[in-house]
Amino acid sequence: MSFLLEILIPTYNRGAYLEKNINLLLSMIEQLNIKDKVQIIVSNNASTDNTVNILQNFHNNLIVYTQDINIGLEENAVFVLRKSSSKFSMFLGDDDFISKEYLEGVIKYIENDYYCIIPAIQAIDVTGIEMGEGKIGRDLGVKTSFNDKGYDGALKLFEKGHQLSGVTFLRDGTLESYIKADLRNIHPFMYFVGFNCLRGKSIHFTLYPILVTLPPQNKKDWGYGDDGLLIARLMSTFAVFRKNNIYLNKAQKHILYIDRGYGYKFLISNSGNFFNFLSMITRSKYCTVQNKFYFLYLEFGFIIKKLLKNALNR
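Residues numbered from 1 in each chain as written. Predicted model: local features only at pLDDT ≥ 70, side-chain atom pairs only at ≥ 80, totals over all residues. Heavy atoms only, no water.

**Focus on the nonpolar core**
So, step 1. Judged by nonpolar contacts, the single largest core of 50 residues is most densely connected at Phe 91, Tyr 191, Phe 192, Leu 230, Leu 234, Phe 241 and Phe 277.
So, step 2. Those residues in contact with Phe 277 that sit more than four places away from it in its chain are Asp 226, Asp 227, Leu 230, Tyr 262, Gly 263, Phe 266, Phe 295 and Glu 299.
So, step 3. Counting residues in hydrophobic clusters, the runner-up holds 36 residues, among them Ile 40, Ile 54, Ile 203 and Phe 205. (Core = buried A, V, L, I, M, F, W, Y, C linked by side-chain atoms within 4.5 Å. Buried < 20%, exposed > 50% of the residue type's maximum accessible area, 1.4 Å probe, protein only. Contact = heavy atoms within 4.5 Å.)

What follows is the structure in structure tokens.
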């Protein structure tokens, strides 16, 4: 049986969230009467909690793969996408939750030949309460927008793919293109979004935000490394836009502006990584020469403003 959409969930050690998520998804699929259109695939990345036992309870309702060893987020995401055979794929974090209305809208749009759909995001805490009284997230209150295929749509949406949950795209050719680009990194979803925006119509579907769980900082290994994952983001940006220098420069400037300030964090932490951070970006072959200067301008400008503000507040 060929499905229109498969919801792909790479998971690791979040059994309770995963159980809640699967139950919600199965209920939505039942209510919307789309069992013949939607399937769920889970790849358990060698979890050490009760994830295996939980997934056994759902063996009749979804497809489950279990890794023998932890292969990392990117490899697990690639694995579960490779196992997908539907026309469209949607990634979903194990502790993030879509609404019935969002799923219904996604089905409608992909049935009308849209290649890529990007959601808005509402942050929730570990108890499921919306943070900031429903005002902390991304693109909240922003009107849903529609884009024709091409670089303009890709420029608007590609970076939003770094948060995987709810990201939906045409499956055929996506993974093959990503592998061929030979720039694999921790942010493959940015590439999946950009690639599909370039080849088809896209939607920034903001009406029903995805609920994204934000655990306390000490409860999650963020793994930002010595560059705040900026090199990975530049790699994905380069992979999407490298055939068009004008849009490549625009896209890199966007990424650098969003990620400005990491140098200040390294500086005040006395970690010794400040100059290493600057060196990593300025030596990167994935950043254009003019944007290397722009990067230095942003970082030192941010530092000066912070130091002046701190001095005035004393």
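**Points about the packing of helix H10 (residues 262-269) against helix H12 (residues 289-312)**
So, step 1. Look at H10 against H12: their axes get within 8 Å of each other, and the N-to-C directions meet at 55°. For the element pair H10 / H12, the angle class is oblique. Where H10 crosses over H12, the two elements pack in a sense that is right-handed. For the pair H10 and H12, contact is made by Tyr 262, Gly 263, Tyr 264 and Leu 267 and by Glu 299, Phe 302, Ile 303, Lys 306, Leu 307 and Asn 310, respectively.
So, step 2. In terms of residue class, the contact of H10 with H12 is built from 6 nonpolar, 2 polar and 2 charged. (Axes fitted to C-alpha atoms, helices over the stretch in contact; angles between N-to-C directions. Helix = DSSP H or I, 4+ residues; strand = E, 2+ residues; numbered from the N terminus. Parallel < 35°, antiparallel > 145°, perpendicular 65-115°, else oblique. Left-handed = near helix turned anticlockwise from the far one by under 90°. Nonpolar A, V, L, I, M, F, W, Y, C, P; charged D, E, K, R; others polar.)

**Here we look at the pattern of salt bridges**
Side-chain pairs of opposite charge can arise whenever the charged atoms involved come near each other.
So, step 1. Under the criterion given, the structure shown has 10 salt bridges.
So, step 2. One salt bridge connects Asp 94 with Arg 14, and the closest N-O pair in it is separated by 3.0 Å. Of this pair, Asp 94 sits in the loop between strand E4 (88-91) and strand E5 (96-97) while Arg 14 sits in the loop between strand E1 (5-11) and helix H1 (15-31), and the two are 80 residues apart along the sequence.
So, step 3. For the salt bridge of Arg 138 with Asp 139, the shortest nitrogen-to-oxygen distance reads 3.1 Å.
So, step 4. Assessed through its relative accessible area of 16%, Arg 138 is described here as buried. (Salt bridge = Lys/Arg side-chain N within 4 Å of Asp/Glu carboxyl O.)

**Points about the confidence of the model for the protein**
So, step 1. Chain-level statistics for the protein give a pLDDT mean of 93 and a share of 96% at 70 or above.
So, step 2. Every residue in residues 217-223 is under pLDDT 50, and counting partners more than four places away or in other chains gives 5 contacts. (pLDDT = per-residue confidence, 0-100.)

**So, the environment of Ala 77**
So, step 1. Position of Ala 77 relative to the elements: it lies in helix H3 (residues 73-83).
So, step 2. Residues Ala 77 and Asp 96 lie 19 residues apart in sequence; the distance between their C-alpha atoms is 15 Å.
So, step 3. Once residues within four sequence positions are removed from consideration, Ala 77 is found in contact with Phe 91 and Phe 189.

**Remarks on the packing of aromatic side chains**
One pair of aromatic rings is described through two measures. These are the centre distance and the angle between the planes.
So, step 1. Applying the stated rule across the entire model yields 25 aromatic pairs.
So, step 2. Taken together, a centroid distance of 5.0 Å and an interplanar angle of 80° make the contact between Phe 158 and Phe 241 edge-to-face. One end of the pair, Phe 158, is in the loop between helix H5 (151-157) and strand E9 (168-170); the other, Phe 241, is in helix H8 (residues 230-241), and 83 residues separate them in sequence.
So, step 3. Plain terms: the ring middles of Phe 274 and Phe 275 are 4.9 Å apart, the flat faces sit at 70° to each other, and that makes the pair edge-to-face.
So, step 4. Following the ring pairs from residue to residue traces out a cluster consisting of Phe 91, Phe 169, Tyr 178, Phe 189, Tyr 191, Phe 192 and Phe 195.
So, step 5. Here Lys 201 stacks its cationic end above the ring of Tyr 114, 4.3 Å away from the centre of that ring.
So, step 6. Across from the ring centre of Tyr 247, 4.9 Å away, lies the NZ or CZ of Lys 250, which sits over that ring. (Phe/Tyr/Trp six-rings, centres within 6.5 Å; stacked < 30°, edge-to-face > 60°. Lys NZ or Arg CZ within 6 Å of the ring centre and 35° of its normal.)

**A look at unusual backbone geometry**
So, step 1. Within the chain, Ala 46 stands out as a residue other than glycine whose phi angle is a positive 55°.
So, step 2. Structurally, Ala 46 is set in the loop between strand E2 (38-44) and helix H2 (51-56).
So, step 3. A positive phi angle is found at Glu 133, which is not glycine, with a value near 55°.
So, step 4. Inspection of the secondary structure puts Glu 133 in the loop between strand E6 (116-124) and strand E7 (137-138).

**A few points about the side chain of Asn 196**
So, step 1. Mapped onto the secondary structure, Asn 196 falls in helix H7 (residues 188-199).
So, step 2. Among the residues examined, Asn 196 registers a relative accessible area of 0% and is labelled buried.
So, step 3. A distance of 3.1 Å separates polar atoms of two side chains, one belonging to Asn 196 and the other to Thr 174.
So, step 4. Apart from the residues lying within four places of it in its own chain, the contact partners of Asn 196 are Tyr 115, Cys 116, Phe 169, Leu 170 and Thr 174. (Polar contact = N/O pair within 3.5 Å; in protein donor to acceptor, adjacent residues only side chain to side chain.)

**Thoughts on the pairing of E1**
So, step 1. With 7 of its 7 residues buried, E1 lies for the most part within the structure.
So, step 2. Across the two faces of E1 the burial is the same, with Leu 5, Ile 7, Ile 9 and Thr 11 and Glu 6, Leu 8 and Pro 10 all buried.
So, step 3. The sheet contact formed by E1 and E2 spans 7 bridges and is parallel. In the sheet register, Pro 10 faces E2, and the bridge partner there is Ser 43.
So, step 4. Where E1 lies against E4, 4 bridges are found, and the strand directions are parallel. Considered in E4, the bridge of Leu 5 is made with Phe 88. (Pairing = 2+ DSSP bridges.)

**Side note on the side chain of Thr 206**
So, step 1. With respect to the helices, strands and loops of the structure, Thr 206 is situated in strand E10 (residues 202-213).
So, step 2. In this structure Thr 206 comes out as buried when scored by relative accessible area, which is 6%.
So, step 3. The contacts of Thr 206, once residues within four sequence positions are left out, are Ala 120, Asp 139, Val 142, Lys 143 and Thr 144.

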